[in-house]
Amino acid sequence: MTDTDWPLWEVFVRSRRGLSHTHAGSLHAPDAELALRNARDLYTRRGEGVSLWVVPSAAITASSPDEKDPFFEPAADKPYRHPTFYEIPEGVRHL
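Report follows, based on the coordinates. (Residues numbered from 1 in each chain as written. Predicted model: local features only at pLDDT ≥ 70, side-chain atom pairs only at ≥ 80, totals over all residues. Heavy atoms only, no water.)

## A few points about helix 1 (residues 32-43)
Taking 1.5 Å per residue as the helical rise, helix 1 with its 12 residues ought to reach 16 Å, and the 16 Å between its terminal C-alpha atoms agrees with that figure. Here helix 1 starts with a cap whose side-chain oxygen sits 3.4 Å from the backbone nitrogen of E33, and that cap is D31. (Helix = DSSP H or I, 4+ residues; strand = E, 2+ residues; numbered from the N terminus. Expected span 1.5 Å × (residues − 1). Polar contact = N/O pair within 3.5 Å; in protein donor to acceptor, adjacent residues only side chain to side chain.)

## A closer look at the pairing of strand 2 (residues 22-28)
With 6 bridges connecting them, strand 1 (residues 8-15) and strand 2 associate as antiparallel partners. From the neighbouring strand, W9 faces strand 2, where its bridge partner is L27. (Pairing = 2+ DSSP bridges.)

## What to know about the sheet that holds strand 1
Strands sit in the order 2-1-3 across an open sheet of 3 strands; the sheet is antiparallel. Sheet topology places strand 2 and strand 3 (49-56) at the edges, where each strand pairs with a single neighbour. Strand-to-strand twist of the sheet, defined as the mean angle between neighbouring strand axes without regard to direction, takes the value 30 degrees. Along the sheet, helix 1 contacts strand 1, strand 2 and strand 3; its crossing angle with strand 2, the most-contacted strand, is approximately 120 degrees. (Axes fitted to C-alpha atoms, helices over the stretch in contact; angles between N-to-C directions. Contact = heavy atoms within 4.5 Å.)

## Here we look at the nonpolar core
One finds W9, V11, V13, L27, A29, A35, A39, L52 and V54 forming the largest nonpolar core, which totals 9 residues. The greatest single-element share of this core, amounting to 3 residues, is contributed by strand 1. In contact with W9, other than residues within four places in its own chain, are G25, S26, L27, H28, A29, D31, A32, A35, V54, V55, P56 and S57. (Core = buried A, V, L, I, M, F, W, Y, C linked by side-chain atoms within 4.5 Å. Buried < 20%, exposed > 50% of the residue type's maximum accessible area, 1.4 Å probe, protein only.)

## Some thoughts on the environment of H23
Inspection of the secondary structure puts H23 in strand 2. For the pair formed by H23 and V54, sequence separation is 31 residues and the distance between their alpha carbons is 9.8 Å. Excluding residues that lie within four positions of it along the chain, H23 makes contacts with E10, V11 and F12. Among the polar contacts listed, one links the side chain of H23 to the side chain of E10, at a separation of 2.6 Å.

## Topic: the pattern of salt bridges
Per the stated rule, a full pass over the model turns up 2 salt bridges. A salt bridge links E33 to R37; the shortest N-O distance between them is 3.1 Å. Pair noted here: E33 and R37 are both in helix 1, with a separation of 4 residues, about one helical turn. A relative accessible area of 52% means that E33 is categorised as exposed. Classification of R37 as partly exposed rests on a relative accessible area of 45%. We note a salt bridge from R40 to D41, for which the minimum N-O separation is 3.2 Å. With a relative accessible area of 44%, R40 lands in the partly exposed category. Look at D41 and you get partly exposed, because its relative accessible area is 43%. (Salt bridge = Lys/Arg side-chain N within 4 Å of Asp/Glu carboxyl O.)

So this is what it looks like as structure tokens:
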């Protein structure tokens, strides 16, 4: 198996000051363990990451930008998801 036959992996890194993982890039590797090691070497060389995720690109399913209106339309008819009409009690600093 040559490196051109290796599957593509998407890499997500959580930074020291971050609370969530962000997409850092992609790499080819024969398995998850090597993908994780290569991701560490490529995307956290300066010690900025505290956690890595590697996900096979083939396992990612995404919505189509062309279908954004019909796909996200059902969320528009649920006003209770947006707390614009709720009273916020005094003393509550962060909601």
